[in-house]
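Each chain is listed here by its residues.
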Amino acid sequence: MSARLVFLGRLEDLAGTAEMAVEPGPLDQVLAGLPRELAVALLVDRVRFALNGRLLAESGGITLASGDELAFLPPVSGGQG
Amino acid sequence: MIDVRLAEAPFDQAEELTRFTARVPEAGGVVSFLGKVRADSGVEALDIRHYAPMTLPGFRALAQTALRRWQLDGLLIVHRVGEMAPGAPIVLVAGAARHRRDAFAATDFVMDHLKGESWLWKRERTAAGWRWIEPRAQDHVDRARWG
């Protein structure tokens, strides 16, 4: 079974998809398999990570297990009203 | 009483308020705020994206915070997701309380925090295509009012 990456906001446009199935493993290894421009955009400071719906305090040392969902959350929009 | 929902389709704000008010018979007042898609020149549509595992839980946590902070009989949050036309309702927040100041303050508090802190991503469409909306400094200032 694979793990899943979820791209929110503008990251979806960059990835060309909202979700992507990947082989489980260390995040570094997973990111190395992505287009370079996308991997760089995912690693900027302002992008937060959530593993299985829980916000992570930091992105270091993540290893994706089978069935895990890792979401990349760019800054939220605010505005309106 | 907390009623917090994401709406995938247009909602009827009058109907929502009628139903909410009926559920808080003890309240002395109900304050509501309706946010709409601004009819800015050139904007043809607004699209709001959410992340299901986090967006609604975040709304619920916010509602609980408001309930702890003010004396409320009830709090309603209905937030649209998906594509909307200019003038369409985006968000309805209502606070019901024995006394009006609690209801005013809680509604204002929830709106300030919904705008800058909820897991929602917005983009708007103009003749030039879709454009993602970036965070505004004002949203941070609005939240800082509450300490």
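A quick note: this is a predicted structure, and the numbers were derived from the prediction, not measured. (Residues numbered from 1 in each chain as written. Chains lettered and ligands numbered in written order. Predicted model: local features only at pLDDT ≥ 70, side-chain atom pairs only at ≥ 80, totals over all residues.)

K.L.:
Give a detailed account of the confidence of the model for chain B, specifying residues and quantitative values.
P.N.:
The predicted coordinates ought not to be read in detail in places where the model reports low pLDDT. For chain B, mean pLDDT is 93; residues scoring 70 or higher make up 99% of the total. We note a pTM of 0.90 for the whole complex and an ipTM of 0.89 for its interfaces. (pLDDT = per-residue confidence, 0-100.)

K.L.:
So what about the nonpolar core? Which residues, and what values?
P.N.:
Core analysis: the largest hydrophobic core is formed by 48 residues, its most contacted members being L8 and F72 of chain A together with A66, L76, I77 and V110 of chain B. The residues contacting L76 of chain B, other than those within four sequence positions of it, are D3, E16, F20, L92, V93 and A94 of chain B. (Core = buried A, V, L, I, M, F, W, Y, C linked by C-beta atoms within 7 Å. Buried ≥ 20, exposed ≤ 12 C-beta atoms within 10 Å, placed from the backbone. Contact = placed C-beta atoms within 7 Å.)

K.L.:
Report on the environment of V37 of chain B, specifying residues and quantitative values.
P.N.:
Residues and elements named next belong to chain B. The topology assignment puts V37 in the loop between strand 2 (29-36) and strand 3 (45-50). A tally of 21 C-beta atoms within 10 Å means that V37 is categorised as buried. Taking C-alpha positions, V37 is 4.9 Å from P86, a pair spaced 49 residues apart along the chain. Apart from the residues within four sequence positions on either side, V37 is in contact with L46, M84, A85, P86, G87, A88 and I90. (Helix = DSSP H or I, 4+ residues; strand = E, 2+ residues; numbered from the N terminus.)

K.L.:
Can you lay out the pairing of strand 4 (residues 48-51) of chain A for me, pointing to particular residues and giving the numbers?
P.N.:
Residue and element names in this part refer to chain A. Summarising the sheet, strand 4 and strand 7 (residues 69-73) pair through four bridges and their orientation is antiparallel. By the bridge assignment for strand 7, F49 is matched with F72. Strand direction decides the pairing type here: strand 4 and strand 5 (residues 54-55), joined by two bridges, are antiparallel. Of the residues in strand 5, the one forming a bridge with L51 is R54. Where strand 4 hands over to strand 5, the hairpin turn is made up of two residues, of which N52 adopts a positive phi near 50°. (Pairing = 2+ DSSP bridges.)

K.L.:
Lay out the sheet that holds strand 5 of chain A with the relevant residues and their values.
P.N.:
In spatial order, the strands read 2-1-7-4-5 (chain A); together these five strands make up an open sheet with mixed pairing. Each of the sheet's edge strands pairs with one partner strand only, and the pair in question is strand 2 (19-22) and strand 5 of chain A.

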